[in-house]
Amino acid sequence: MSDETTPAADAAEQTPAAPVTPMLRVVRGDLSPEELAALVAVVAARNAAAANAAAGAKPAPRSEWGHPVRAHRTPHRVGPDAWRRSAWA
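(A) Structural context of the overall build of the protein chain. Broken down by element type, the protein chain carries 3 helices and 0 strands. Going from the N terminus to the C terminus, the protein chain shows its helices and strands as α-α-α. Burial analysis of the protein chain (89 residues in total) assigns 1% to the buried set. Entry remark: accessible area of the protein chain is about 9000 Å², with carbon and sulfur atoms responsible for 61%.

Structural data, given as structure tokens:
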């Protein structure tokens, strides 16, 4: 084994890294880490929602299992033997 480096590795070490510009900057106030995390979460959720809307993604279909309409029942019928038919209505 030799300690020689490849030309690609030498070039990677010599090129300066591009300056990174912040995506979000707090201009006023002194935020706690929790407040900053909440702010970042809200901005990320909003950007994700905008990206999904732009891509035309449809939201997942809603489960009908807990839908309030399922709580409605048919009214009890009045008449002879109504108590017996109420279980089958």
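(B) Structural detail: helix α2 (residues 33–55). Helix length check: α2, at 23 residues, gives a terminal C-alpha distance of 33 Å against a target of 33 Å (1.5 Å per residue), a fit within 8%. Looking one or two residues beyond α2, the residue adopting positive phi is glycine 56, at roughly 80°.

(C) Spatial organisation of the confidence of the model for the protein chain. For the protein chain, per-residue confidence averages 75 on the pLDDT scale, and 71% of positions sit at 70 or higher. Across the protein chain, the secondary-structure element scoring lowest on mean pLDDT is helix α1 (residues 7–14), at 59, and the one scoring highest is α2, at 87.

(D) Focus on a nonpolar patch on the surface. Together, Met23, Leu24, Val26, Leu31, Leu36, Leu39, Val40 and Val43 give the surface a local cluster of nonpolar side chains, amounting to about 670 Å² of exposed area. Positionally, valine 26 belongs in the loop between α1 and α2. Overall, valine 26 belongs to the partly exposed group, its relative accessible area being 38%.

Criteria and cut-off values
Residues numbered from 1 in each chain as written. Predicted model: local features only at pLDDT ≥ 70, side-chain atom pairs only at ≥ 80, totals over all residues. Heavy atoms only, no water. Helix = DSSP H or I, 4+ residues; strand = E, 2+ residues; numbered from the N terminus. Buried < 20%, exposed > 50% of the residue type's maximum accessible area, 1.4 Å probe, protein only. Areas by Shrake-Rupley, 256 points an atom, 1.4 Å probe, with all protein chains shown as cover. Expected span 1.5 Å × (residues − 1). pLDDT = per-residue confidence, 0-100. Patch = residues over 30% accessible without salt bridge, like charges linked within 9 Å, V, L, I, M, F, W, Y side chains within 5 Å. Salt bridge = Lys/Arg side-chain N within 4 Å of Asp/Glu carboxyl O.

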